[in-house]
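# Structural overview for review
Next come the chains, spelled out residue by residue.
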Amino acid sequence: MTAQGVPQIFDRITLRRKRDRAAAQSGDHDFLHRQTAAALYERLLPVKTPLADLLIWGGHSDRLCRMLAEKADTKNIIWADLSRKLLQSHNPENLPQNCRIVAADEECVPFPQHCFDAVLSNLTLHSVNDLKGALIQAQRILKPSRPFMAAVFGGVTLAALRQDLLRVETEHNGGAAPRIFPFTDIRAMGNMIKALGFAEPVMDSERFDISYGSLEDALADLRGMGEGNILTNRLKKPLTRNMRDILAQDLLRQGSLTVEVEIVYMIGWSPSRRGTA
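Residues numbered from 1 in each chain as written. Predicted model: local features only at pLDDT ≥ 70, side-chain atom pairs only at ≥ 80, totals over all residues. Heavy atoms only, no water.

## Looking at the packing of helix α6 (residues 159–173) against helix α9 (residues 241–251)
Close contact between α6 and α9 brings their axes to 10 Å; oriented N to C, the two are set at 125°. Accordingly, the angle class assigned to the pair α6 and α9 is oblique. α6 and α9 meet at a crossing whose hand is right-handed. Across from L161, D164, L165, R167, V168, E169, H172 and N173 in α6, the residues of α9 making contact are M243, I246, L247, D250 and L251. Residues belonging to the contact of α6 with α9 are distributed by class as follows: seven nonpolar, two polar and four charged. (Axes fitted to C-alpha atoms, helices over the stretch in contact; angles between N-to-C directions. Helix = DSSP H or I, 4+ residues; strand = E, 2+ residues; numbered from the N terminus. Parallel < 35°, antiparallel > 145°, perpendicular 65-115°, else oblique. Left-handed = near helix turned anticlockwise from the far one by under 90°. Contact = heavy atoms within 4.5 Å. Nonpolar A, V, L, I, M, F, W, Y, C, P; charged D, E, K, R; others polar.)

## Here we look at the environment of L257
Mapped onto the elements, L257 comes out in strand β7 (residues 257–269). The exposure class assigned to L257 is buried, which follows from its relative accessible area of 3%. Once the C-alpha coordinates of L257 and A160 are considered, the two residues, 97 residues apart in sequence, prove to be 11 Å apart. Residue contacts for L257: discarding those within four places in its chain leaves I210, S211, Y212, S214, L215, A218, L251 and L252. (Buried < 20%, exposed > 50% of the residue type's maximum accessible area, 1.4 Å probe, protein only.)

## Looking at the packing of aromatic side chains
For the coordinates displayed, the defined rule picks out four aromatic pairs. Plain terms: the ring middles of F148 and F198 are 5.7 Å apart, the flat faces sit at 40° to each other, and that makes the pair tilted. With F148 in strand β5 (residues 147–153) and F198 in the loop between α7 (186–195) and β6 (199–212), the pair connects residues that are 50 residues apart, well separated along the chain. Across this residue pair, the class does not change: F148 and F198 are buried. The rings of W57, F111 and F116 are connected pair by pair, giving a single aromatic cluster. For the cation-ring pair, R43 lies above Y265, with the distance from its terminal atom to the ring centre recorded as 3.9 Å. (Phe/Tyr/Trp six-rings, centres within 6.5 Å; stacked < 30°, edge-to-face > 60°. Lys NZ or Arg CZ within 6 Å of the ring centre and 35° of its normal.)

## Comments concerning the environment of A22
Mapping A22 onto the fold places it in helix α1 (residues 12–22). When near neighbours in sequence (up to four residues on either side) are disregarded, A22 contacts R223, G224, M225 and G226.

## Some points on unusual backbone geometry
Of note, H114 is a non-glycine position whose phi angle comes to about 60°, a positive value. Within the secondary structure, H114 is located in the loop between β3 (99–103) and β4 (118–122). A positive phi angle is found at S145, which is not glycine, with a value near 60°. Counting through the fold element by element, S145 comes out in the loop between α5 (131–141) and β5.

The following block contains the structure:
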């Protein structure tokens, strides 16, 4: 735990290293982040309040930066991620002139109070240890009555694969190591942002399947996204080749590997008058 008593479920140093390694091939595996970037942009369009200064978390795709840079009221965009290499992999020289990259951590936000008109997170909050603290910090750096928006992996994501992996490992090894962590439930997330004082919170979600020809193809996408096992109590040894073959055969009984994904979208407004949050 940290000094504040927050359990360190995720190894954030390992997460940054995985994103660093993924930087060289991020453009080949950013389809989910591009999709959610467009969805976040669409959900922001009805907002009538001028949004001049924006913060975007998530360095996998520059699509949201480019879309928001085209809005007439956008003046400055800070594009942040835990991995500087991931941000720089998009060639900063080709970014919009009003977009600046910053290597920063959602768990220790370096920006001053009340400096942004909107804060958007594109598929980054699932690996934050102190989710409540990250949301409080997002609220702190927002100007009064400004939106916080996020796309987050929902609880259905990889649930079937997680259960299959646990079952296969248990059957063949007599036990299973933690490898895939559960994602946030939409109702739990909604209750949290409401309890933290975000006004008029709205939640919605979408589910879809991604089909792969092999387990290796699915694992390649995960690696290319900079994802993978970052649990602090993870078994450091990867699955053996034999176990991967057994799992692949089990998963491909129907001819293809289908991975279910749930994306939760949320929006909430910072308080019009600042309290102690």
